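Read off the chains here:
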Amino acid sequence: MLHPHLFTFTDLQAEGDKLKSIIKLNAGHPIFKGHFPGQPVLPGVCMMQMVKEVTEVYIDKKIRLLKARELKFLSLIDPVEHTSIQIELSVKATDGGIKVDARLFNSTTLFFKFSGLFIQR
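Cut-offs used in this document
Residues numbered from 1 in each chain as written. Predicted model: local features only at pLDDT ≥ 70, side-chain atom pairs only at ≥ 80, totals over all residues. Heavy atoms only, no water. Phe/Tyr/Trp six-rings, centres within 6.5 Å; stacked < 30°, edge-to-face > 60°. Buried < 20%, exposed > 50% of the residue type's maximum accessible area, 1.4 Å probe, protein only. Helix = DSSP H or I, 4+ residues; strand = E, 2+ residues; numbered from the N terminus. Contact = heavy atoms within 4.5 Å. Core = buried A, V, L, I, M, F, W, Y, C linked by side-chain atoms within 4.5 Å.

### Details of the packing of aromatic side chains
- The full count for this structure, using the stated rule, is three aromatic pairs.
- A ring pair is formed by Phe7 and Phe9, whose centres lie 6.2 Å apart and whose planes are at 25°; its orientation type is stacked.
- Residue class for Phe9 comes out buried when judged on its relative accessible area of 15%.

### Looking at the environment of Met48
- As for its placement among the helices and strands, Met48 is situated in helix H2 (residues 44-59).
- We classify Met48 as buried; its relative accessible area is 12%.
- Once the C-alpha coordinates of Met48 and Thr10 are considered, the two residues, 38 residues apart in sequence, prove to be 18 Å apart.
- Setting aside residues no more than four positions away along its own chain, Met48 makes contact with Leu71, Phe112, Phe114 and Phe118.

### Digging into the nonpolar core
- Formed by 29 residues in total, the largest nonpolar core has its most connected members in Ile23, Leu42, Val51, Leu89 and Val100.
- Those elements giving two or more residues to this core turn out to be strand S1 (7-15), strand S2 (18-25), H2, strand S4 (84-94), strand S5 (97-105) and strand S6 (110-120).
- Broken down by element, the residue count for this core peaks at six residues, all from H2.
- Excluding residues that lie within four positions of it along the chain, Val51 makes contacts with Ile87, Leu89, Val100, Ala102, Phe112 and Phe114.

Right, here's the structure in full:
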């Protein structure tokens, strides 16, 4: 789990199957010493893990990724420059699992887009 050491999320707002929250990054987390020294960047796998962990809190179930239809890393997240970002999720239960569409962004930049299917563990 990356929460609460690498990131925390606040202002969790649910409206129907839509979820919004503010993610605060811990720029002092050791992961940034190796990715990349002197020029920290949030690893893409961590962005995906944030989507998973926020979804788990929302549905109150442990899940695992079954299928990723779309994973787009559109801009780098520098934890010093972008200490706070937003996450928006659409979470829908289907016969095949839990369909999730997600975006990580701030007021000017879309960092990450995801669409895929999770199943309960």
